[in-house]
Amino acid sequence: VLDLSAEQAQAADLSLRGEAQLEQMRANFTVQVFDAETSLFSLSRQTARVSLESGVWEVRKIRDRSPFDFIARWNSATGEFGAEMEMERFEPIRLVVPKKNAGTLEPFFASAVTGKAKLEIASSGAFAYTFDLRGRTPPRGVIASADIVGAGSGTERAVRFGVLAVSSPLGAFSFCGSLGLS
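These remarks concern the structure in this document. The shown structure was predicted, so the numbers you read here are calculated from the model rather than taken from an experiment.

## Observations concerning the environment of L40
Here comes step 1: Of note, L40 is situated in the loop between strand 2 (26-38) and strand 3 (41-43).
Here comes step 2: The class of L40 is partly exposed, set by a relative accessible area of 22%.
Here comes step 3: Along the backbone, L40 and V96 are 56 residues apart, and their C-alpha atoms lie at a distance of 9.9 Å.

Structure representation (structure tokens):
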């Protein structure tokens, strides 16, 4: 369980500019995060557009030199939520830098990832997702780099892999099928 309570928050430098017409349920803002630090991670500079139109909030990362695009929508009337991301040779460590030893996840923060992912959450809380991602973990000590490919879809009950494959000079693993989540 990840605790992001007030004790975890440390500092953020951000700018918020825009306008709101609350009686018409409209708003448009640009949010710039220059620097954000917690005891768990630091977040690099990011800019997003936040808008409200007819009860639907949208957060869209501004296109920049970062090979990572993100959009999220929340319908305040229905409670439905959706998010999509697309990346091209994106290294997560350029966006989020873990403060504490990330352990087994550390190679994934430095991996170059390409692909798409989508998440939809219904007002009931049920969710569905799809993903088509591939990446390469960097070498770490005596461990060689590895190529990872994952494509599939799922719900809160199970994930279905069209392919899950890992290959490195040390060997290869491949899986097609479903895994139950409980």
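## Digging into the pairing of strand 7 (residues 81-90)
Here comes step 1: With seven bridges connecting them, strand 6 (residues 68-75) and strand 7 associate as antiparallel partners. From the neighbouring strand, I71 faces strand 7, where its bridge partner is E84.
Here comes step 2: The loop that links strand 6 with its antiparallel partner strand 7 comprises five residues; one of these, G79, has a positive phi angle of about 85°.
Here comes step 3: In this sheet, strand 9 (residues 112-121) lies alongside strand 7 in antiparallel orientation, the contact comprising eight bridges. Directly across from E86, in strand 9, lies its bridge partner K116.

## Topic: the environment of E19
Here comes step 1: Of note, E19 is situated in strand 1 (residues 9-21).
Here comes step 2: For E19, a relative accessible area of 52% corresponds to the exposed category.
Here comes step 3: Linking E19 and S51, residues 32 residues apart in sequence, is a C-alpha distance of 9.6 Å.
Here comes step 4: Look past the residues within four positions of E19 in its chain and what remains in contact with it is A27, N28 and F29.

## A few points about the pairing of strand 2
Here comes step 1: Relative to strand 4 (residues 46-53), strand 2 runs antiparallel, the two sharing eight bridges. Its bridge partner lying in strand 4, N28 is registered against S51.
Here comes step 2: One ladder, built from two bridges, connects strand 2 with strand 3; its direction is antiparallel. Looking across to strand 3, one finds that A36 is bridged to L43.
Here comes step 3: Linkage of strand 2 to strand 3, two consecutive antiparallel strands, is achieved through a turn of two residues.

## Quick notes on unusual backbone geometry
Here comes step 1: In this model, M25 sits at a positive phi of 55°, which is unusual for a non-glycine residue.
Here comes step 2: Among the structural elements, M25 can be located in the loop between strand 1 and strand 2.
Here comes step 3: Of note, the phi angle at R89 is positive, near 50°, even though the residue is not glycine.
Here comes step 4: Secondary-structure assignment places R89 in strand 7.

Rules used throughout
Residues numbered from 1 in each chain as written. Predicted model: local features only at pLDDT ≥ 70, side-chain atom pairs only at ≥ 80, totals over all residues. Heavy atoms only, no water. Helix = DSSP H or I, 4+ residues; strand = E, 2+ residues; numbered from the N terminus. Buried < 20%, exposed > 50% of the residue type's maximum accessible area, 1.4 Å probe, protein only. Pairing = 2+ DSSP bridges. Contact = heavy atoms within 4.5 Å.

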